[in-house]
Amino acid sequence: MDRQTRIAIVGAGLAGLTVAGLLQRSGFSVAIYEQTPNFSRIGAGIILGANVAKVLRRLDLEQSLAETGIRPDAFVSRAWDSGDTLYELTFDAACEARFDGPFVNIHRADLHRILQRPLKPGTIRFGHRLAGIDDAPDGVTLSFDNGVKAVADIVIGADGIRSKVRDVILGYEEPRFIGRIAPRAVFPADRLGGLEIRDCTKWWGPDRHVLVYYMTPRRDEIYVMAAVPADRWDGDGTPIPGSRDDFMSALEGFHPDLLRTAEAATDVTVWPIMDRPRDDRWHAGRIVLMGDACHAVRPFMAAGGSMAIEDAAVLHRCIVEGADPQAAFSRYAGNRIPRVAEVQRISIDNTWMHGPTEVDWFFAYDPCSAPLDAAS
Ligand SMILES: Cc1cc2nc3c(=O)[nH]c(=O)nc-3n(C[C@H](O)[C@H](O)[C@H](O)COP(=O)(O)OP(=O)(O)OC[C@H]3O[C@@H](n4cnc5c(N)ncnc54)[C@H](O)[C@@H]3O)c2cc1C
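Residues numbered from 1 in each chain as written. Predicted model: local features only at pLDDT ≥ 70, side-chain atom pairs only at ≥ 80, totals over all residues. Heavy atoms only, no water.

Q: Let's hear about the environment of Gly 304: which residues, and what values?
A: Locating Gly 304 in the fold gives a position in helix 10 (residues 304–321). Remark: the alpha-carbon pair of Gly 304 and Ile 46, spanning 258 residues in sequence, is separated by 9.8 Å. (Helix = DSSP H or I, 4+ residues; strand = E, 2+ residues; numbered from the N terminus.)

And the structure:
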(Lines give C-alpha, C1' and ligand atoms only; values in the text may rest on other atoms or scores of the structure.)
Protein backbone atom coordinates (compact mmCIF):
# COMPACT_ATOMS: atom_id res chain seq x y z
CA MET A 1 0.00 0.00 0.00
CA ASP A 2 1.05 3.57 -0.60
CA ARG A 3 3.37 4.83 2.16
CA GLN A 4 1.33 8.07 2.27
CA THR A 5 -1.60 6.06 3.70
CA ARG A 6 -2.55 7.63 7.04
CA ILE A 7 -2.99 4.86 9.60
CA ALA A 8 -4.88 5.34 12.88
CA ILE A 9 -4.53 2.63 15.51
CA VAL A 10 -6.99 2.58 18.41
CA GLY A 11 -5.43 1.11 21.57
CA ALA A 12 -1.81 0.98 22.71
CA GLY A 13 -1.88 -2.59 24.03
CA LEU A 14 0.29 -5.47 22.83
CA ALA A 15 -1.34 -5.55 19.38
CA GLY A 16 -1.39 -1.79 18.77
CA LEU A 17 2.17 -1.11 19.91
CA THR A 18 3.60 -4.00 17.89
CA VAL A 19 1.84 -3.20 14.63
CA ALA A 20 2.72 0.50 15.02
CA GLY A 21 6.41 -0.31 15.40
CA LEU A 22 6.42 -2.57 12.35
CA LEU A 23 4.48 -0.12 10.17
CA GLN A 24 6.72 2.81 11.11
CA ARG A 25 9.75 0.71 10.19
CA SER A 26 8.22 0.21 6.77
CA GLY A 27 7.78 3.96 6.32
CA PHE A 28 4.09 4.42 7.13
CA SER A 29 2.69 7.36 9.03
CA VAL A 30 1.02 6.01 12.16
CA ALA A 31 -0.83 7.50 15.14
CA ILE A 32 -2.00 5.44 18.13
CA TYR A 33 -4.98 6.71 20.12
CA GLU A 34 -5.03 5.37 23.68
CA GLN A 35 -7.77 6.03 26.22
CA THR A 36 -5.62 6.00 29.35
CA PRO A 37 -3.80 9.22 30.29
CA ASN A 38 -0.65 7.17 30.98
CA PHE A 39 0.35 3.57 31.60
CA SER A 40 0.32 2.22 35.15
CA ARG A 41 2.20 -0.87 36.33
CA ILE A 42 -0.53 -3.53 36.26
CA GLY A 43 0.44 -6.40 38.55
CA ALA A 44 0.53 -9.31 36.19
CA GLY A 45 2.89 -11.43 34.17
CA ILE A 46 2.72 -12.86 30.70
CA ILE A 47 4.17 -16.00 29.08
CA LEU A 48 5.56 -15.65 25.56
CA GLY A 49 7.06 -18.25 23.25
CA ALA A 50 9.52 -18.21 20.36
CA ASN A 51 6.67 -17.33 17.98
CA VAL A 52 6.53 -13.93 19.71
CA ALA A 53 10.30 -13.53 20.15
CA LYS A 54 10.65 -13.77 16.36
CA VAL A 55 8.33 -10.77 15.91
CA LEU A 56 10.25 -8.72 18.47
CA ARG A 57 13.45 -9.71 16.63
CA ARG A 58 12.17 -7.70 13.61
CA LEU A 59 11.93 -4.66 15.92
CA ASP A 60 15.41 -5.27 17.41
CA LEU A 61 13.74 -5.98 20.74
CA GLU A 62 14.35 -9.71 21.15
CA GLN A 63 17.44 -9.28 23.28
CA SER A 64 15.70 -6.76 25.59
CA LEU A 65 12.81 -9.16 25.94
CA ALA A 66 15.04 -12.09 26.83
CA GLU A 67 17.18 -10.04 29.24
CA THR A 68 14.34 -8.22 31.01
CA GLY A 69 12.14 -11.26 31.48
CA ILE A 70 13.25 -14.72 32.54
CA ARG A 71 14.03 -17.55 30.16
CA PRO A 72 12.55 -20.34 32.31
CA ASP A 73 14.35 -23.66 32.31
CA ALA A 74 11.07 -25.49 31.69
CA PHE A 75 7.30 -25.39 31.73
CA VAL A 76 6.23 -27.98 34.30
CA SER A 77 2.72 -29.40 34.70
CA ARG A 78 2.01 -30.95 38.10
CA ALA A 79 -0.98 -32.72 39.61
CA TRP A 80 -2.70 -30.51 42.17
CA ASP A 81 -2.77 -33.05 45.03
CA SER A 82 0.07 -35.58 44.59
CA GLY A 83 2.44 -33.06 43.03
CA ASP A 84 3.34 -35.66 40.37
CA THR A 85 4.86 -34.24 37.21
CA LEU A 86 2.38 -34.72 34.36
CA TYR A 87 4.49 -33.12 31.64
CA GLU A 88 7.67 -31.09 31.37
CA LEU A 89 8.78 -29.07 28.35
CA THR A 90 12.46 -28.24 28.83
CA PHE A 91 13.67 -24.98 27.31
CA ASP A 92 17.30 -25.86 26.71
CA ALA A 93 19.52 -24.72 23.84
CA ALA A 94 18.27 -27.54 21.61
CA CYS A 95 14.68 -26.50 22.23
CA GLU A 96 15.44 -22.82 21.48
CA ALA A 97 17.15 -23.90 18.26
CA ARG A 98 14.15 -26.06 17.31
CA PHE A 99 11.70 -23.20 17.90
CA ASP A 100 14.18 -20.56 16.68
CA GLY A 101 13.80 -18.35 19.72
CA PRO A 102 13.47 -18.25 23.49
CA PHE A 103 10.53 -18.77 25.79
CA VAL A 104 10.17 -15.73 28.09
CA ASN A 105 8.07 -14.93 31.15
CA ILE A 106 7.93 -11.22 31.88
CA HIS A 107 6.08 -8.55 33.83
CA ARG A 108 3.46 -7.00 31.54
CA ALA A 109 4.60 -3.48 32.34
CA ASP A 110 8.14 -4.37 31.28
CA LEU A 111 6.85 -5.81 28.00
CA HIS A 112 4.81 -2.67 27.39
CA ARG A 113 7.85 -0.50 27.99
CA ILE A 114 9.94 -2.56 25.56
CA LEU A 115 7.28 -2.39 22.82
CA GLN A 116 7.11 1.43 23.05
CA ARG A 117 10.85 1.84 22.53
CA PRO A 118 10.98 1.77 18.69
CA LEU A 119 8.09 4.24 18.26
CA LYS A 120 8.76 7.79 17.08
CA PRO A 121 8.14 10.39 19.82
CA GLY A 122 4.50 11.51 19.91
CA THR A 123 3.16 8.37 18.20
CA ILE A 124 0.90 7.56 21.15
CA ARG A 125 -1.84 10.13 21.80
CA PHE A 126 -2.79 9.41 25.41
CA GLY A 127 -6.15 10.44 26.89
CA HIS A 128 -7.99 9.76 23.61
CA ARG A 129 -10.94 7.47 24.23
CA LEU A 130 -12.63 6.53 20.96
CA ALA A 131 -16.31 7.47 20.89
CA GLY A 132 -17.27 6.91 17.24
CA ILE A 133 -16.09 6.35 13.66
CA ASP A 134 -17.48 7.78 10.44
CA ASP A 135 -16.26 5.96 7.30
CA ALA A 136 -16.80 8.55 4.48
CA PRO A 137 -15.37 8.48 0.90
CA ASP A 138 -12.70 11.11 1.64
CA GLY A 139 -11.42 9.45 4.83
CA VAL A 140 -12.38 7.81 8.07
CA THR A 141 -13.10 10.27 10.89
CA LEU A 142 -12.48 9.17 14.47
CA SER A 143 -14.15 11.09 17.31
CA PHE A 144 -12.84 10.97 20.85
CA ASP A 145 -14.42 11.68 24.22
CA ASN A 146 -12.11 14.67 24.69
CA GLY A 147 -13.68 16.40 21.68
CA VAL A 148 -10.76 15.76 19.31
CA LYS A 149 -11.41 14.45 15.80
CA ALA A 150 -8.83 12.77 13.57
CA VAL A 151 -8.95 11.67 9.94
CA ALA A 152 -7.20 8.58 8.61
CA ASP A 153 -7.19 6.44 5.48
CA ILE A 154 -7.38 3.19 7.43
CA VAL A 155 -8.25 2.39 11.05
CA ILE A 156 -6.87 -0.53 13.03
CA GLY A 157 -8.98 -1.49 16.04
CA ALA A 158 -6.55 -2.83 18.65
CA ASP A 159 -8.68 -1.74 21.59
CA GLY A 160 -9.06 -5.01 23.46
CA ILE A 161 -11.96 -7.21 24.52
CA ARG A 162 -14.38 -4.26 24.94
CA SER A 163 -13.41 -2.80 21.58
CA LYS A 164 -15.35 0.26 20.49
CA VAL A 165 -14.09 -0.32 16.93
CA ARG A 166 -15.63 -3.81 17.05
CA ASP A 167 -18.94 -2.23 18.10
CA VAL A 168 -18.80 -0.07 14.97
CA ILE A 169 -18.39 -3.13 12.73
CA LEU A 170 -20.47 -5.73 14.54
CA GLY A 171 -22.72 -3.82 16.95
CA TYR A 172 -22.45 -3.75 20.72
CA GLU A 173 -22.25 -7.09 22.53
CA GLU A 174 -21.09 -7.75 26.12
CA PRO A 175 -18.11 -10.10 26.47
CA ARG A 176 -18.96 -13.54 27.89
CA PHE A 177 -18.15 -14.24 31.56
CA ILE A 178 -16.98 -17.87 31.48
CA GLY A 179 -17.79 -18.76 35.12
CA ARG A 180 -14.20 -18.49 36.31
CA ILE A 181 -12.36 -15.74 38.14
CA ALA A 182 -8.61 -15.21 38.26
CA PRO A 183 -7.16 -14.22 41.64
CA ARG A 184 -3.64 -13.00 40.97
CA ALA A 185 -0.70 -11.64 42.95
CA VAL A 186 2.84 -10.42 42.39
CA PHE A 187 5.31 -10.53 45.27
CA PRO A 188 9.04 -10.58 46.06
CA ALA A 189 10.59 -14.04 45.99
CA ASP A 190 12.37 -13.60 49.33
CA ARG A 191 8.98 -14.14 50.99
CA LEU A 192 9.34 -17.82 50.15
CA GLY A 193 11.89 -18.11 52.95
CA GLY A 194 14.21 -20.42 51.05
CA LEU A 195 11.57 -22.65 49.48
CA GLU A 196 12.88 -23.72 46.09
CA ILE A 197 10.38 -23.66 43.25
CA ARG A 198 10.68 -24.33 39.53
CA ASP A 199 10.76 -21.39 37.12
CA CYS A 200 7.28 -21.99 35.70
CA THR A 201 4.71 -24.47 36.99
CA LYS A 202 1.06 -25.07 36.22
CA TRP A 203 -0.81 -26.96 38.96
CA TRP A 204 -3.78 -28.83 37.51
CA GLY A 205 -6.83 -29.45 39.75
CA PRO A 206 -10.12 -31.07 38.74
CA ASP A 207 -12.01 -27.79 38.24
CA ARG A 208 -9.31 -25.16 38.81
CA HIS A 209 -5.65 -24.54 38.14
CA VAL A 210 -2.83 -22.33 39.35
CA LEU A 211 0.12 -20.94 37.43
CA VAL A 212 3.28 -19.85 39.27
CA TYR A 213 6.34 -18.31 37.66
CA TYR A 214 9.26 -15.97 38.09
CA MET A 215 9.17 -12.81 35.99
CA THR A 216 12.79 -11.64 36.13
CA PRO A 217 16.16 -13.24 35.36
CA ARG A 218 17.20 -12.58 39.00
CA ARG A 219 14.25 -14.74 40.12
CA ASP A 220 13.30 -12.04 42.62
CA GLU A 221 9.66 -11.47 41.60
CA ILE A 222 6.94 -14.13 41.49
CA TYR A 223 3.58 -14.15 39.77
CA VAL A 224 0.76 -16.42 40.91
CA MET A 225 -2.49 -16.68 38.98
CA ALA A 226 -5.35 -19.07 39.63
CA ALA A 227 -8.50 -19.81 37.66
CA VAL A 228 -11.30 -20.86 40.00
CA PRO A 229 -15.05 -21.39 39.50
CA ALA A 230 -17.41 -18.50 40.29
CA ASP A 231 -21.18 -18.34 39.77
CA ARG A 232 -21.26 -14.74 38.73
CA TRP A 233 -19.37 -11.52 38.17
CA ASP A 234 -21.29 -8.34 38.86
CA GLY A 235 -18.73 -5.78 37.75
CA ASP A 236 -17.43 -4.92 34.32
CA GLY A 237 -14.03 -6.17 33.17
CA THR A 238 -12.17 -4.18 35.80
CA PRO A 239 -10.28 -6.13 38.48
CA ILE A 240 -11.22 -5.74 42.15
CA PRO A 241 -9.17 -6.18 45.34
CA GLY A 242 -9.40 -9.77 46.60
CA SER A 243 -8.87 -11.44 49.95
CA ARG A 244 -5.91 -13.65 50.77
CA ASP A 245 -8.19 -15.88 52.90
CA ASP A 246 -10.57 -16.46 49.98
CA PHE A 247 -7.57 -17.21 47.79
CA MET A 248 -6.18 -19.78 50.22
CA SER A 249 -9.61 -21.42 50.71
CA ALA A 250 -9.92 -21.81 46.94
CA LEU A 251 -6.68 -23.81 47.05
CA GLU A 252 -7.76 -26.25 49.76
CA GLY A 253 -6.30 -29.71 49.16
CA PHE A 254 -3.54 -28.50 46.83
CA HIS A 255 -0.01 -29.82 47.31
CA PRO A 256 2.04 -28.22 50.14
CA ASP A 257 4.62 -26.90 47.64
CA LEU A 258 1.97 -24.76 46.03
CA LEU A 259 0.33 -23.74 49.31
CA ARG A 260 3.64 -22.49 50.74
CA THR A 261 4.10 -20.36 47.63
CA ALA A 262 0.52 -19.06 47.60
CA GLU A 263 0.71 -18.11 51.29
CA ALA A 264 3.29 -15.48 50.38
CA ALA A 265 0.74 -13.67 48.20
CA THR A 266 -0.63 -10.90 50.39
CA ASP A 267 -2.08 -8.43 47.86
CA VAL A 268 -4.52 -10.43 45.81
CA THR A 269 -6.44 -8.88 42.91
CA VAL A 270 -9.37 -10.68 41.32
CA TRP A 271 -10.07 -10.48 37.59
CA PRO A 272 -13.10 -11.87 35.77
CA ILE A 273 -12.23 -14.29 32.99
CA MET A 274 -14.09 -13.36 29.85
CA ASP A 275 -13.98 -14.26 26.20
CA ARG A 276 -16.19 -13.98 23.15
CA PRO A 277 -17.66 -16.67 20.92
CA ARG A 278 -15.74 -16.98 17.67
CA ASP A 279 -16.77 -14.42 15.04
CA ASP A 280 -14.86 -14.29 11.76
CA ARG A 281 -15.93 -10.78 10.74
CA TRP A 282 -12.64 -8.98 11.34
CA HIS A 283 -12.92 -6.09 8.91
CA ALA A 284 -15.33 -3.79 7.05
CA GLY A 285 -14.42 -1.13 4.53
CA ARG A 286 -11.25 0.60 5.69
CA ILE A 287 -11.53 -0.65 9.27
CA VAL A 288 -9.81 -3.80 10.56
CA LEU A 289 -9.61 -5.49 13.98
CA MET A 290 -6.76 -7.30 15.70
CA GLY A 291 -5.95 -8.93 19.05
CA ASP A 292 -8.64 -9.26 21.69
CA ALA A 293 -10.82 -6.85 19.69
CA CYS A 294 -11.61 -9.69 17.24
CA HIS A 295 -10.64 -12.89 19.07
CA ALA A 296 -10.68 -12.57 22.85
CA VAL A 297 -9.76 -16.04 24.15
CA ARG A 298 -9.78 -17.36 27.68
CA PRO A 299 -6.23 -17.35 29.09
CA PHE A 300 -5.88 -21.13 29.59
CA MET A 301 -3.32 -21.60 26.82
CA ALA A 302 -1.55 -18.35 27.82
CA ALA A 303 -1.76 -17.32 24.19
CA GLY A 304 -4.09 -14.32 23.78
CA GLY A 305 -1.25 -11.79 23.89
CA SER A 306 0.87 -13.98 21.62
CA MET A 307 -1.96 -14.08 19.08
CA ALA A 308 -2.23 -10.27 19.26
CA ILE A 309 1.49 -9.92 18.50
CA GLU A 310 1.33 -12.51 15.71
CA ASP A 311 -1.65 -10.58 14.25
CA ALA A 312 0.56 -7.48 14.17
CA ALA A 313 3.22 -9.28 12.13
CA VAL A 314 0.76 -10.67 9.57
CA LEU A 315 -1.33 -7.49 9.30
CA HIS A 316 1.88 -5.52 8.73
CA ARG A 317 2.90 -7.84 5.90
CA CYS A 318 -0.54 -7.67 4.29
CA ILE A 319 -0.62 -3.86 4.46
CA VAL A 320 2.89 -3.59 2.97
CA GLU A 321 2.09 -6.01 0.14
CA GLY A 322 -1.62 -5.21 -0.37
CA ALA A 323 -2.88 -3.19 -3.33
CA ASP A 324 -5.64 -1.60 -1.23
CA PRO A 325 -7.19 -1.93 2.25
CA GLN A 326 -9.81 -4.46 1.15
CA ALA A 327 -7.20 -6.79 -0.36
CA ALA A 328 -4.87 -6.37 2.62
CA PHE A 329 -7.51 -6.95 5.27
CA SER A 330 -9.14 -9.97 3.67
CA ARG A 331 -5.73 -11.60 3.16
CA TYR A 332 -4.83 -10.88 6.79
CA ALA A 333 -8.09 -12.30 8.15
CA GLY A 334 -7.99 -15.32 5.85
CA ASN A 335 -4.49 -16.22 7.02
CA ARG A 336 -5.03 -15.58 10.71
CA ILE A 337 -8.46 -17.05 11.38
CA PRO A 338 -7.60 -20.79 11.15
CA ARG A 339 -4.64 -20.48 13.55
CA VAL A 340 -6.49 -18.27 16.01
CA ALA A 341 -9.53 -20.57 15.89
CA GLU A 342 -7.31 -23.51 16.90
CA VAL A 343 -5.91 -21.50 19.82
CA GLN A 344 -9.45 -20.57 20.83
CA ARG A 345 -10.52 -24.23 20.73
CA ILE A 346 -7.56 -25.40 22.84
CA SER A 347 -8.08 -22.54 25.30
CA ILE A 348 -11.70 -23.58 25.82
CA ASP A 349 -10.65 -27.24 26.30
CA ASN A 350 -7.89 -26.16 28.73
CA THR A 351 -5.66 -29.06 27.76
CA TRP A 352 -2.48 -27.29 26.56
CA MET A 353 0.59 -29.02 28.05
CA HIS A 354 -1.47 -30.92 30.62
CA GLY A 355 0.21 -34.06 29.36
CA PRO A 356 2.51 -34.78 26.40
CA THR A 357 1.63 -32.15 23.80
CA GLU A 358 2.75 -31.47 20.24
CA VAL A 359 3.87 -27.83 20.59
CA ASP A 360 6.11 -27.22 17.56
CA TRP A 361 3.26 -25.93 15.36
CA PHE A 362 2.73 -23.18 17.90
CA PHE A 363 6.20 -22.12 19.06
CA ALA A 364 8.19 -22.76 15.86
CA TYR A 365 5.79 -20.68 13.74
CA ASP A 366 7.25 -17.44 12.40
CA PRO A 367 4.47 -14.96 11.55
CA CYS A 368 7.00 -12.70 9.83
CA SER A 369 8.03 -15.27 7.23
CA ALA A 370 5.41 -18.05 7.13
CA PRO A 371 3.92 -18.33 3.63
CA LEU A 372 0.66 -16.41 3.31
CA ASP A 373 -2.22 -17.51 1.13
CA ALA A 374 -3.23 -15.01 -1.50
CA ALA A 375 -6.69 -14.16 -0.18
CA SER A 376 -9.32 -15.21 2.31
C1 LIG B 1 -5.69 -13.61 33.54
C2 LIG B 1 -5.07 -13.46 32.17
C3 LIG B 1 -3.80 -14.00 31.92
C4 LIG B 1 -3.25 -13.94 30.63
N5 LIG B 1 -2.03 -14.49 30.40
C6 LIG B 1 -1.52 -14.48 29.14
C7 LIG B 1 -0.25 -15.06 28.86
O8 LIG B 1 0.43 -15.57 29.75
N9 LIG B 1 0.21 -15.04 27.56
C10 LIG B 1 -0.50 -14.44 26.56
O11 LIG B 1 -0.05 -14.44 25.40
N12 LIG B 1 -1.71 -13.87 26.81
C13 LIG B 1 -2.23 -13.86 28.06
N14 LIG B 1 -3.42 -13.27 28.31
C15 LIG B 1 -4.15 -12.63 27.21
C16 LIG B 1 -3.63 -11.24 26.91
O17 LIG B 1 -3.56 -10.47 28.08
C18 LIG B 1 -4.53 -10.52 25.91
O19 LIG B 1 -4.91 -11.41 24.90
C20 LIG B 1 -3.77 -9.33 25.31
O21 LIG B 1 -3.51 -8.37 26.30
C22 LIG B 1 -4.57 -8.72 24.16
O23 LIG B 1 -3.84 -7.64 23.63
P24 LIG B 1 -4.58 -6.48 22.85
O25 LIG B 1 -3.50 -5.54 22.43
O26 LIG B 1 -5.47 -7.06 21.83
O27 LIG B 1 -5.53 -5.79 23.91
P28 LIG B 1 -5.14 -5.02 25.29
O29 LIG B 1 -3.82 -5.47 25.79
O30 LIG B 1 -6.34 -5.18 26.16
O31 LIG B 1 -5.01 -3.52 24.83
C32 LIG B 1 -6.12 -2.73 24.43
C33 LIG B 1 -5.75 -1.25 24.59
O34 LIG B 1 -6.81 -0.47 24.03
C35 LIG B 1 -7.12 0.60 24.90
N36 LIG B 1 -8.54 0.98 24.64
C37 LIG B 1 -9.65 0.27 24.94
N38 LIG B 1 -10.75 0.93 24.54
C39 LIG B 1 -10.33 2.09 23.99
C40 LIG B 1 -11.01 3.20 23.39
N41 LIG B 1 -12.37 3.26 23.29
N42 LIG B 1 -10.27 4.24 22.91
C43 LIG B 1 -8.90 4.21 23.00
N44 LIG B 1 -8.21 3.19 23.57
C45 LIG B 1 -8.92 2.13 24.05
C46 LIG B 1 -6.89 0.01 26.29
O47 LIG B 1 -6.70 1.02 27.28
C48 LIG B 1 -5.62 -0.82 26.05
O49 LIG B 1 -4.45 -0.07 26.22
C50 LIG B 1 -3.97 -13.31 29.58
C51 LIG B 1 -5.24 -12.72 29.86
C52 LIG B 1 -5.78 -12.81 31.13
C53 LIG B 1 -7.14 -12.19 31.40
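Q: Break down the packing of helix 10 against helix 11 (residues 325–349) for me, with residues and values.
A: Running from N to C, helix 10 and helix 11 cross one another at 160°; their axes reach a closest spacing of 8 Å. If you check the angle between helix 10 and helix 11, you find them roughly antiparallel. The handedness of the crossing between helix 10 and helix 11 is right-handed. Contact residues: helix 10 offers Met 307, Glu 310, Asp 311, Val 314, Leu 315, Cys 318, Ile 319 and Glu 321, while helix 11 offers Ala 328, Phe 329, Arg 331, Tyr 332, Asn 335, Arg 336, Arg 339, Val 340 and Val 343. Looking at the contact of helix 10 with helix 11 residue by residue, the classes come out as 10 nonpolar, one polar and six charged. (Axes fitted to C-alpha atoms, helices over the stretch in contact; angles between N-to-C directions. Parallel < 35°, antiparallel > 145°, perpendicular 65-115°, else oblique. Left-handed = near helix turned anticlockwise from the far one by under 90°. Contact = heavy atoms within 4.5 Å. Nonpolar A, V, L, I, M, F, W, Y, C, P; charged D, E, K, R; others polar.)

Q: Now, about the nonpolar core: what can you tell me, with residues and values included?
A: Ranked by size, the top nonpolar core spans 106 residues in total, and within it Ile 156, Ile 319 and Tyr 332 carry the most contacts. Per-element accounting of this core gives the leading share, nine residues, to helix 10. Not counting the four nearest positions on each side in its chain, Ile 319 is found in contact with Met 1, Ile 7, Leu 23, Phe 28, Ile 154, Ile 156, Ala 328 and Phe 329. Val 212, Val 224, Ala 250 and Leu 251 belong to the second largest nonpolar core, which has 29 residues in total. (Core = buried A, V, L, I, M, F, W, Y, C linked by side-chain atoms within 4.5 Å. Buried < 20%, exposed > 50% of the residue type's maximum accessible area, 1.4 Å probe, protein only.)

Q: Help me get a handle on empty space enclosed by the protein, residues and values and all.
A: One pass over the structure, following the stated rule, counts two cavities of 30 Å³ or more. Approximately 170 Å³ is the volume attributed to the largest cavity. Around the largest cavity sit 18 residues that line it, and Ile 47, Phe 75, Met 301, Ala 302 and Trp 352 are the ones nearest its centre. Where the lining of the largest cavity is concerned, the elements lending two or more residues are strand 3 (45–48), strand 14 (209–214) and helix 12 (360–363). Among the residues forming the lining of the largest cavity, the class breakdown is 14 nonpolar, three polar and one charged. Taken as a whole, the second largest cavity spans an internal volume of roughly 90 Å³. Along its surface, the second largest cavity is lined by 14 residues, and Arg 278, Asp 279, Cys 294, His 295 and Gln 344 are the ones closest to its centre. Among the elements of the structure, helix 9 (292–295) and helix 11 are those that each provide at least two residues to the lining of the second largest cavity. (1 Å grid on protein atoms, 1.4 Å probe; cavity = no way out; pocket = protein on both sides within 12 Å on 5 of 7 lines; lining within 4 Å. Points joined across faces, edges and corners; volume = space filled by probe spheres on them.)

Q: Please provide a residue-by-residue account of the site of the ligand, values included.
A: Close contacts around the ligand come from 30 residues, with Glu 34, Arg 108, Leu 130, Asp 292 and Gly 305 the closest. Within the contact set of the ligand, a nitrogen atom lies 3.0 Å away from a backbone nitrogen or oxygen of Ala 302. Here a nitrogen atom of the ligand sits 2.8 Å away from a polar atom, N or O, in the main chain of Gly 305. Burial of the ligand by the protein amounts to 86% of the accessible area it has alone, namely 1000 Å². Here the shell around the ligand gets four residues from one element, more than from any other, and that element is helix 10. Residues belonging to the shell around the ligand are distributed by class as follows: 14 nonpolar, nine polar and seven charged. (Near = heavy atom within 4 Å. Polar contact = N/O pair within 3.5 Å; in protein donor to acceptor, adjacent residues only side chain to side chain. Areas by Shrake-Rupley, 256 points an atom, 1.4 Å probe, with all protein chains shown as cover.)

Q: Account for the packing of aromatic side chains, naming residues and giving values.
A: Tallied over the full model, the rule gives 13 aromatic pairs. Judged by centre distance (5.9 Å) and plane angle (80°), the rings of Trp 352 and Trp 361 are edge-to-face. We classify Trp 352 as buried; its relative accessible area is 6%. On the accessibility criterion, Trp 361 (29% relative accessible area) is partly exposed. Put simply, the rings of Phe 91, Phe 99, Phe 103, Trp 352, Trp 361, Phe 362 and Phe 363 touch in pairs and so form one group of aromatic residues. In this structure, Lys 202 packs its charged tip against the face of Trp 204, placed 4.0 Å from the ring centre. (Phe/Tyr/Trp six-rings, centres within 6.5 Å; stacked < 30°, edge-to-face > 60°. Lys NZ or Arg CZ within 6 Å of the ring centre and 35° of its normal.)

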